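# Inside the fold
Spelled out, the chains give:
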Amino acid sequence: MIKKLIALAAAAVGLHGGAVAQETIKIGLMPIDAGPMVVYNNYTMQPAELAVETFNAQGGALGRKYELVVQAHAGPPAAAIAAATKLVQQGGVSFLNGIATSAIASAISPKLSGLNAIYFDTGSSLEELTGKNCQPNYFRTSASDGILFNMIREAVKDGKIKTWNMLVADYSAGHQHAKHFASLVQELGGSVQTTLFAPLSTTDFGSHIAQLNSKPADGLAVFIIGAGSVALAKQQQQFGLFSKYKQVMSWYFANDMTLPAMGDTLNGVFSVMSYAWDMPGDKNAAFVKAFEEKFKRKPTFGDADNYAAYELLHAAILKAKSTDVDKVRAALSGLKVSTVLGNVEMRAADHQLVRPMVLAQVLPTKDGKSMMGLRFVEPAQKVTPPPSGECKF
């Protein structure tokens, strides 16, 4: 699919020459084509395809159609910077999106002003990106750690689970998450007994499972992402790990993107997420219908977070009546718009999207598989902390 899109973009340029660069509004897409994050490619590519198709069917913006320009990279921050630079300098792109770990987003963000480009971060959660390290051309539609842990507080605040163990991805966001969760548990009168970190490349969790099995707490909190999440799901079932806990709480470990590959290994696990396909709202209903018709599956939180970024860009271009980066940035700052996520606001103070969150639970289905079942939706105002005050544009 990546090669197909690149070929289509190249063919369009070849057929129409420089006119295409003038006539289309180019969006640069940066999927990862190697390593554990490859599993998320469709959830970046497909919502981008649908958004461009939908907006173009409506006439595009300012009398111009949208065009996707794709530049894949291997995953390291330096490779992501190279991809972004190539898209801007050779592809004529002003607006960027792609799979973003906190490391990738942290590397790209300070380069944006020099590139004269706007970047939509649809995946990372590191608070510094909308705090002390904020940048004027960086906008985040995914949930920050502050939003995420306010939602987790809502999910565990009944206080029935007093002792916890944690299994967390060993990278910058994972360490921040572990720190946040331990603080939250202490605030609610509980404690964390054991915290284990696993590298993003981990595919054998045997030693981690053995350690957790030896001394289970009341609850287990899990933040493992990428291909490793599927391996963990299957391996823990072999050893009965999750069944030893009264509650297993995850954020993004149990999710609708990787669940099909996990089978029935996670039934009963709770998960804090940014979106569920059965959220209320006419825009979401229309999105789910169009997405399912085109891709023969229901949209996941990754699809929705990415699609919402294009909704914001489209609305900002219309508001600015221009594709000039400075004017679109000004239009995005403080923008309030109805999206597939619901009514959202791109906060002017730090460029963090103020958006609702959901709690879901993995439930068995009649065919022996599993599905994410929506438990409740919390409104944006309830789970979004105020700006840190450290962000100075």
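Residues numbered from 1 in each chain as written. Predicted model: local features only at pLDDT ≥ 70, side-chain atom pairs only at ≥ 80, totals over all residues. Heavy atoms only, no water.

## Observations concerning the packing of helix 3 (residues 42-57) against helix 13 (residues 301-320)
To keep things clear, this is the line we draw: Between the N-to-C directions of two axes lies an angle of 0 to 180 degrees, each axis being a line fitted to C-alpha atoms and, for a helix, fitted only over the stretch in contact. Numbering of helices and strands runs from the N terminus; a helix is a DSSP stretch of H or I covering at least four residues, while a strand is a stretch of E covering at least two. Crossing chirality is assigned from the near helix's rotation relative to the far helix, an anticlockwise turn below a right angle marking it left-handed and a clockwise turn marking it right-handed. Two residues qualify as a contact provided that any one of their heavy atoms is within 4.5 Å of a heavy atom in the partner residue. Each residue is assigned to one class: nonpolar for Ala, Val, Leu, Ile, Met, Phe, Trp, Tyr, Cys and Pro, charged for Asp, Glu, Lys and Arg, and polar for all the others, Gly among them.
Contact pair helix 3 / helix 13: the axes reach a minimum separation of 8 Å and the direction vectors enclose 35 degrees. Where helix 3 crosses over helix 13, the two elements pack in a sense that is right-handed. Where helix 3 approaches helix 13, its residues N42, Y43, T44, P47, A48, L50, A51, T54 and F55 are matched on the opposing element by G302, D303, N306, Y307, Y310, E311 and H314. The residue makeup of the contact of helix 3 with helix 13, split by class, is eight nonpolar, six polar and two charged.

## Some remarks on the sheet that holds strand 13 (residues 353-354)
Under the convention used in this document: One bridge is not enough; two strands pair if DSSP finds at least two bridges between them.
The strand order across the open sheet built from three strands is 11-12-13, with neighbouring strands paired in antiparallel fashion. Both edges of this open sheet fall to strand 11 (336-339) and strand 13, since each of them pairs with a single strand only. With four bridges connecting them, strand 11 and strand 12 (residues 342-346) associate as antiparallel partners. Opposite T339, over in strand 12, you have G342 as the bridge partner.

## Describing the state of the cysteines
Heads up, the rule is: In this description, the term disulfide denotes a pair of cysteine sulfurs within 2.5 Å. Relative accessibility under 20% of the residue-type maximum defines a buried residue, over 50% an exposed one, and the middle range a partly exposed one, all with a 1.4 Å probe and only protein chains included.
Scanning the entire structure with this criterion turns up one disulfide. Two residues, C134 and C391, share a disulfide whose sulfurs are 2.1 Å apart. Measuring the twist about the S-S bond at about 100 degrees, one finds the C134-C391 disulfide to be right-handed. Here C134 is found in the loop between strand 4 (118-121) and strand 5 (138-140), whereas its partner C391 is found in the segment after helix 15 (380-383), with 257 residues between them in sequence. Assessed through its relative accessible area of 7%, C134 is described here as buried. Take C391: its relative accessible area is 11%, and that puts it in the buried class.

## Some points on the packing of aromatic side chains
Keep this limit in mind: The criterion for an aromatic pair is that two Phe, Tyr or Trp rings (for Trp, the six-membered ring) have centres within 6.5 Å, with stacked assigned to planes under 30 degrees apart, edge-to-face to planes over 60 apart and tilted to the rest.
As enumerated under the stated definition, the model contains 15 aromatic pairs in all. Ring plane angle 40 degrees and centroid distance 4.8 Å describe the contact between Y252 and F301, whose orientation is recorded as tilted. Taken together, the residues Y252 in the loop between strand 9 (247-251) and helix 11 (259-262) and F301 in helix 13 connect sequence positions 49 residues apart. Each of the two residues, Y252 as well as F301, counts as buried. With a centroid separation of 6.5 Å and 70 degrees between ring planes, the pair formed by Y275 and F287 is classed as edge-to-face. Here the residue Y275 occupies a position in the loop between strand 10 (270-273) and helix 12 (282-295), and F287 occupies one in helix 12, the gap between them amounting to 12 residues. For Y275, a relative accessible area of 0% puts it in the buried group.

## Concerning the pairing of strand 7 (residues 191-198)
Quick reminder of the rule: Handedness of a crossover is defined as follows: with both strands directed away from the viewer, a clockwise route from the first strand across the helix to the second makes it right-handed.
Relative to strand 7, strand 6 (residues 163-169) runs parallel, the two sharing seven bridges. Looking at the pairing, L167 lines up with L196 of strand 7. Regarding the hand of the β-α-β motif, the stretch spanning strand 6, helix 8 (residues 172-187) and strand 7 is right-handed.

## Describing the side chain of H314
Residue placement: H314 occurs in helix 13. Given a relative accessible area of 11%, H314 falls into the buried group. Aside from chain neighbours lying at most four places away, what touches H314 is F55, G60, A61 and Y66.

## What to know about the pattern of salt bridges
To keep things clear, this is the line we draw: Within this document, salt bridges are pairs made up of a side-chain nitrogen of Lys or Arg and a carboxyl oxygen of Asp or Glu, the two lying within 4 Å of each other.
Per the stated rule, a full pass over the model turns up 11 salt bridges. Between E292 and K298 there is a salt bridge, with its nearest N and O atoms 3.2 Å apart. You can call E292 partly exposed: its relative accessible area is 31%. The salt bridge partner of D350 is R347, with a shortest N-O separation of 2.8 Å. Of the two residues, D350 and R347, neither departs from the other in class, the shared state being buried. One salt-bridge network, held together by shared partners, links E154, K157, E378 and K382.

## What about the packing of helix 9 (residues 206-214) against helix 10 (residues 227-239)?
Threshold: Orientation categories follow fixed angle ranges, with anything under 35 degrees roughly parallel, anything over 145 roughly antiparallel, 65 to 115 roughly perpendicular, and all other angles oblique.
Where helix 9 meets helix 10, the closest approach of the two axes is 10 Å, and the angle between their N-to-C directions is 45 degrees. Here helix 9 lies oblique to helix 10, going by the angle between them. Regarding helix 9 and helix 10, the two cross each other, and that crossing is right-handed. Across the interface between the two elements, G206, I209 and N213 of helix 9 pack against L232, Q235, Q236 and F239 of helix 10. Split by residue class, the contact of helix 9 with helix 10 holds three nonpolar, four polar and no charged.

## Focus on the confidence of the model for the protein chain
We count it as follows: Every residue carries a pLDDT, the predictor's confidence in it, which falls somewhere between 0 and 100.
Mean pLDDT over the protein chain works out to 91, with 94% of the residues at or above the 70 mark. Confidence over residues 1-21 falls short of pLDDT 50; this stretch has 20 contacts with residues more than four positions distant or in other chains.

## Quick look at helix 14 (residues 325-332)
Convention followed: It is the directions from the helix axis to the C-beta atoms whose arc is reported. Here a polar contact means two N or O atoms within 3.5 Å. Within protein one must be a hydrogen donor candidate and the other an acceptor candidate, and residues neighboring in sequence count only if both atoms are side-chain atoms.
Among the residues of helix 14, V325, V328, A331 and L332 are the ones counted as buried. An end-on view of helix 14 places all buried positions within 125 degrees of arc, on one side of the element. Taking the backbone nitrogen of D326 as reference, a side-chain oxygen 3.1 Å away marks D324 as the first, capping residue of helix 14. Trailing helix 14 by a residue or two, G334 shows a phi angle of about 85 degrees, which is positive.

## Notes on the sheet that holds strand 8 (residues 219-223)
Adjacent strands of a sheet pair through backbone hydrogen bonds, lying either parallel or antiparallel. Here we have seven strands laid out as an open sheet, ordered 7-6-8-9-10-14-15, and mixed in their pairing. With one partner strand each, in any of the chains shown, strand 7 and strand 15 (370-378) form the two edges of the open sheet. Within this sheet the neighbouring strands show an average axis-to-axis angle of 20 degrees, counted without direction. Against the sheet, helix 9 engages strand 6, strand 7 and strand 8, with an angle of about 170 degrees to strand 7.

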